[in-house]
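Summary of structural features
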Amino acid sequence: MSVRWQRVRNALILIAGIVLVWQILFFMVGDIAISSPLATLQYTAKLVRTDTFGGHLRATLEAFGLAYLIAVMMGLSLGFWLGFHKLSGDVAEPMLVALYSIPKVTLYPILLLSFGLGLSAKVAFGVLHGVIPITLFTLGSVRNVRPIHLKTARALKLSPLDTVFTVLFPAALPEIVTGLRVGFALTLIGALLAEMFASQRGLGFLLMNAIGLHNVDLIMSITLLLVVFAATISTILLHIDRRLHHQARAADALAM
Amino acid sequence: MKRLTLYRVAVVAIVIAILEWLCLHGTIDRITMPPPHRIVLDLYKLLASGSLNKAIAKTLGNASIAFTLALIVGVISSAVLHGHRAVRDTLDPLFATYYAIPIFAFYPLLIYLFGLGDGPQIMIGFMLAVVAVIVNTLNGLDRVPVVLLKTARIHRLTRFEIARTITLPYAMPYVLTGVKLAVAYSLIGVIGSEFIMSRGGMGYEISFAYTSFDNATMYPLIVLTLLAAILVNGLLTRWEKVLLQRRGLR
Amino acid sequence: MPKDDKVAAADVSLRGVTKVFPGGRDRPPVHALGPIDLDLHKAEFFAVVGPSGCGKSTLLELIAGLSVATQGVVEFEGRPIHGEVPQGVGVVFQEDACLPWLDVADNIAFSLRHADLSSAQKAERVQRALAMMGLADFATSYPAQLSGGMRQRVCIARTLVMEPRLILLDEPFGALDQQTRLLMGDELLRLWRQSGATVFLITHALDEAAMLADRIGVMSARPGRLIDLVETGWPRDRDSRIVENAAFGAVTARLWKSLREESLKTMGKAAT
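Residues numbered from 1 in each chain as written. Chains lettered and ligands numbered in written order. Predicted model: local features only at pLDDT ≥ 70, side-chain atom pairs only at ≥ 80, totals over all residues.

**Thoughts on the overall build of chain A**
The helix and strand inventory of chain A stands at 10 helices and zero strands. Based on the C-alpha atoms only, the size of chain A along its principal axes is roughly 70 × 55 × 30 Å. For chain A, the residues scored as buried account for 39% of the 256 residues in total. Of all intrachain contacts in chain A linking residues separated by at least 6 positions in sequence, the fraction that spans at least 24 positions is 78%. (Helix = DSSP H or I, 4+ residues; strand = E, 2+ residues; numbered from the N terminus. Buried ≥ 20, exposed ≤ 12 C-beta atoms within 10 Å, placed from the backbone. Contact = placed C-beta atoms within 7 Å.)

**Focus on the overall build of chain B**
Helices and strands together make up the secondary structure of chain B, namely 10 helices and zero strands. By its C-alpha atoms, chain B is 70 × 55 × 30 Å across when sized along the principal axes. Of the contacts formed within chain B by residues at least 6 apart in sequence, a portion of 74% connects residues at least 24 apart.

**Section: the domain arrangement of chain B**
By domain assignment, chain B separates into domain 1 (1-33) and domain 2 (38-246). One C-alpha centre belongs to domain 1 of chain B, the other to domain 2 of chain B; they are set 30 Å apart. (Domains from an automatic or database assignment.)

**Let's talk about the domain arrangement of chain A**
A common way to state how big an interface is: give the accessible area lost once the parts meet. Here the domain parsing of chain A yields domain 1 (1-30) and domain 2 (34-255). Taken over C-alpha atoms, the centre of domain 1 of chain A sits 26 Å from the centre of domain 2 of chain A.

**Details of unusual backbone geometry**
Residues and elements named next belong to chain C. In the segment running from Gly-34 into Pro-35, the intervening peptide bond is cis, with an omega of 5°. Within the secondary structure layout, Pro-35 lies in strand S2 (residues 30-40). For the bond from Arg-222 to Pro-223, the omega torsion is 0°, close enough to zero to count as cis. Topologically, Pro-223 is positioned in the loop between strand S9 (215-219) and strand S10 (226-231). Its identity as a non-glycine residue notwithstanding, Glu-77 has a phi of 55°, on the positive side. Secondary-structure assignment places Glu-77 in the loop between strand S4 (71-76) and strand S5 (79-80).

**Describing the sheet that holds S2 of chain C**
All names here are of chain C. With antiparallel pairing, four strands are arranged side by side in an open sheet as S2-S1-S4-S5. Edge strands, defined here as strands with exactly one partner in the open sheet, are S2 and S5. With two bridges joining them, S4 and S5 adopt antiparallel strand pairing. Residue pairing in the sheet places Glu-75 in a bridge with Pro-80 of S5. (Pairing = 2+ DSSP bridges.)

**Quick notes on the interface of chain B and chain A**
Every contact between the two is made by 39 residues of chain B and, on the other side, 37 residues of chain A. Among the secondary structure elements, those contributing two or more residues to the side of chain B that touches chain A are helix H1 (2-24), helix H4 (85-97), helix H5 (107-114), helix H8 (159-196), helix H9 (202-211) and helix H10 (215-246) of chain B. Counting residues per element, the side of chain B that touches chain A draws most heavily on H10 of chain B, at eight residues. Partitioned by chemical class, the residues of the side of chain B that touches chain A number 29 nonpolar, seven polar and three charged. (Nonpolar A, V, L, I, M, F, W, Y, C, P; charged D, E, K, R; others polar.)

**Things to note about the nonpolar core**
Ranked by internal contacts, the top residues of the largest apolar core, which has 202 residues, are Leu-207 of chain A, Ala-129, Val-133 and Ala-182 of chain B together with Ile-108, Ala-157 and Leu-168 of chain C. Not counting the four nearest positions on each side in its chain, Ala-182 of chain B is found in contact with Phe-67, Ala-70, Leu-71, Ala-129, Ala-132 and Val-133 of chain B. (Core = buried A, V, L, I, M, F, W, Y, C linked by C-beta atoms within 7 Å.)

**Digging into the environment of Asp-39 of chain C**
Residue and element names in this part refer to chain C. Topologically, Asp-39 is positioned in strand S2. Residue classification places Asp-39 among the partly exposed positions, given that 13 C-beta atoms sit within 10 Å. For Asp-39 and Leu-14, which are 25 residues apart along the polypeptide, the C-alpha to C-alpha distance reads 6.3 Å.

**Section: the packing of helix H4 (residues 86-101) of chain A against H1 of chain B**
Orientation of H4 of chain A relative to H1 of chain B, taken along the N-to-C sense of each, is 65°, at an axis distance of 9 Å. The way H4 of chain A lies across H1 of chain B gives a crossing that is right-handed. Contacts from Asp-90, Val-91 and Met-95 of chain A of H4 of chain A reach H1 of chain B at Leu-4, Tyr-7, Arg-8 and Val-11 of chain B. Partitioned by chemical class, the residues of the contact of H4 of chain A with H1 of chain B number five nonpolar, no polar and two charged. (Axes fitted to C-alpha atoms, helices over the stretch in contact; angles between N-to-C directions. Left-handed = near helix turned anticlockwise from the far one by under 90°.)

**Describing the environment of Leu-14 of chain A**
By the secondary structure assignment, Leu-14 of chain A is in helix H1 (residues 3-29). Once the C-alpha coordinates of Leu-14 of chain A and Ser-77 of chain A are considered, the two residues, 63 residues apart in sequence, prove to be 38 Å apart.

**Some points on the sheet that holds strand S7 (residues 166-170) of chain C**
Residue and element names in this part refer to chain C. In space, the six strands of this open sheet follow the order S6-S7-S8-S3-S9-S10, with mixed pairing throughout. Among the strands making up the open sheet, the edge pair consists of strand S6 (89-92) and S10. Taken over all neighbouring pairs, the strand axes of this sheet differ in orientation by 15° on average, direction set aside. Its contacts with the sheet put helix H4 (residues 148-160) on S6 and S7, and the angle it makes with S6 is roughly 180°.

**As for the packing of helix H3 (residues 51-84) of chain A against H4 of chain A**
If you want to describe how two helices pack, look at the angle between their axes and the distance between the axes. All names here are of chain A. Between H3 and H4, the least distance of the axes is 5 Å, while the angle of their chain directions is 120°. Touching Trp-81, Leu-82 and Gly-83 of H3 are Ser-88, Gly-89 and Ala-92, all from H4. Along the lines of polarity and charge, the residues of the contact of H3 with H4 split into three nonpolar, three polar and no charged.

**Some remarks on the confidence of the model for chain B**
Counting all residues, the mean pLDDT for chain B is 88, and 98% of those residues have values of 70 or more. Interface confidence for the predicted complex, given as ipTM, is 0.80, next to a pTM of 0.80. (pLDDT = per-residue confidence, 0-100.)

**Brief notes about the pairing of S10 of chain C**
Residue and element names in this part refer to chain C. Both S9 and S10 contribute to a ladder of five bridges, which runs antiparallel. Across the sheet, residue Val-218 finds its bridge partner in S10, namely Asp-228. Hairpin connection from S9 to S10: six residues lie between these consecutive antiparallel strands.

**Points about the environment of Tyr-68 of chain A**
Residue and element names in this part refer to chain A. If you trace the backbone, Tyr-68 turns up in helix H3. Exposure remark for Tyr-68: the 25 C-beta atoms within 10 Å place this residue in the buried category. Residues Tyr-68 and Gly-83 lie 15 residues apart in sequence; the distance between their C-alpha atoms is 21 Å. When near neighbours in sequence (up to four residues on either side) are disregarded, Tyr-68 contacts Gly-126, Gly-130, Phe-184 and Thr-187.

**Focus on the pairing of strand S1 (residues 12-21) of chain C**
Residues and elements named next belong to chain C. Bridging between S1 and S2 involves seven bridges; their strand directions are antiparallel. Bridge assignment links Phe-21 to a residue of S2, and that residue is Val-30. Here five bridges tie S1 to S4, and the two strands are oriented antiparallel to one another. Residue pairing across strands places Val-12 opposite Phe-76, the latter belonging to S4.

Quick look at the structure:
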């Protein structure tokens with residue numbers, strides 16, 4: 001069985017396992033706190049067809065999409081600059097790592113005060129979460145380009161632009177993609193958290209509302225949708241990430 | 001290295017100076033943010049009065065419990081998983097996509113399971129932190145060079161001794177990366193839960209201060225949390241650096 | 001003066017030893033080695049040369065007990081070993097096996113953790129090993145601060161301090177420059193004489209094998225089998241200046257003659 005099919009099989013086993021645990025939990029706890037997998041699926045099927053859901057979904061996608069776009073652009077530009085400009089990179093890196101480690105959820109009230117309620121707060125929170133890992137990984141990717149590749153480019157007398165596009169960028173790409181993947185997850189969380197507290201629209205708000213009204217079906221439904229969405233995109237990005245790293249490692253192995 | 005630290009201090013000082021100027025000039029109004037010097041004074045007053053010590057202790061205490069649990073469960077799970085390729089491969093997609101999942105959504109379920117006390121908050125902190133420990137510890141275990149394991153067998157060490165004298169020391173820097181993340185995540189989990197479920201602790205106090213427009217309490221608390229996180233993270237990073245430098249890695 | 005009265009030397013015998021690596025999901029099984037019949041005499045210096053991938057390292061691991069033969073028997077001092085490393089075996093690997101978190105002295109002392117010695121005796125042995133390998137000034141340095149050659153010396157010291165009866169070396173000088181290799185070869189001979197142990201060396205450098213060994217085994221391309229066994233007949237008291245001996249060229253030439261065809265096979269070309 002090839003590796004790819006193995007992965008698919010493992011994923012299916014994992015999903016089956018999760019559903020099993022879910023069902024058992026339901027038997028133990030009862031529908032006062034969770035609903036069964038089947039009931040959740042049925043509720044979800046109904047939910048996604050409602051207009052209100054559509055509206056909330058659009059709001060979330062809008063906020064998240066915008067936040068991710070900004071985070072990627074900022075992160076890539078900042079990361080490249082810090083990667084190329086050695087002094088700035090050396091000064092900034094530990095500071096970025098420190099920022100990465102602080103519980104950004106505490107900055108939340110400050111963002112609310114600065115941006116008010118609504119879309120800008122959501123976008124700001126999402127960007128805040130996502131931009132740091134993207135920057136760090138991009139910075140690292142530029143730094144970690146093996147000097148031998150640059151020497152090869154010089155020996156082949158490539159122009160600076162040529163070097164960047166045909167040597168640097170492909171060499172740095174695997175690590176950049178890892179950063180984009182981590183940034184994706186974190187931006188999503190950031191935007192959702194903001195929605196939970198600072199908005200009257202969006203899936204995060206819906207979730208918060210459901211928690212307040214103790215609407216178990218709705219809570220489970222939204223969680224399921226979010227998990228499926230996040231997991232799907234994450235897996236696709238992971239697949240790309242793996243492919244790129246595999247190529248890079250194979251190239252490294254040959255080079256030795 | 002000294003010069004770089006100087007630059008960093010300079011950058012931070014300039015940023016604070018700019019904020020101070022913007023606040024004093026009214027570009028940033030008092031309702032949004034008090035000037036930095038005011039925040040420092042308020043922080044001092046807060047700590048001196050001890051009125052929020054209970055909340056601080058509660059949050060930091062719960063975060064520590066979550067962190068310790070995550071570390072113990074995480075390291076043990078990694079050791080077990082590392083030896084069972086099939087199970088590890090099956091769980092791999094879960095670990096890879098874990099942090100895209102909004103863990104906070106499980107809060108109501110946790111309340112049901114653990115009651116209304118500190119349990120759900122600690123559990124969320126634990127749930128967020130444990131996977132970071134597992135992923136990084138597994139990474140470290142993976143990296144132990146085969147030649148060192150062969151050397152251990154030549155010296156006829158038992159499996160336990162190999163783990164203790166070779167595998168664990170080798171993997172230590174990578175485990176530390178996981179530890180740093182676990183510190184951050186347990187704080188995020190606990191404080192975030194305190195935001196949602198107002199029952200006390202720093203998250204609650206910050207949220208309460210926000211709704212009461214009490215910037216004199218809110219900002220110092222936020223700064224305190226950030227400083228605590230940065231301090232712990234800094235110490236761990238210093239330790240990690242020593243370990244890596246000894247090995248000639250950056 | 002050789003110390004063979006203090007530390008006994010081991011003898012090893014292989015009979016019909018074959019190693020087949022089982023196949024995986026997409027890989028067919030690999031017949032890496034054998035069948036091989038080989039005897040290592042007590043206190044001799046035996047070298048093995050052969051083309052890349054012919055199974056030299058596999059052979060070493062079988063002798064060390066790190067690997068189990070698919071067929072055949074490996075006997076260490078008359079007793080068959082079966083995937084368990086016998087007491088009294090020391091191995092110096094090709095890769096850097098220094099423990100990066102311990103300094104040089106602690107690395108060397110690592111071998112003695114289970115030795116039945118007092119801490120004073122252990123310390124004394126470590127000091128002797130440091131002196132023997134010229135590492136006395138670096139006792140508190142960390143491997144990362146040392147050159148490749150010095151790190152290998154640490155690994156050799158760590159092996160010697162156990163006073164093994166059989167010393168196995170897998171291309172220990174592979175990463176070093178030629179001059180250092182020749183000097184390290186001299187050191188290896190000196191240590192061999194001083195310890196009185198049996199030495200089994202894998203090398204891809206024909207001149208190194210010809211210079212150092214009492215007997216040299218030439219292996220074929222995969223699956224590796226012994227296609228020639230050359231006796232050099234050098235005196236025990238030799239060093240790198242043996243290269244001036246007229247017979248040295250003849251030994252190297254004979255090695256290359258047997259090896260050339262096998263090497264071409266490995267490169268995928270026919271012998272012309």
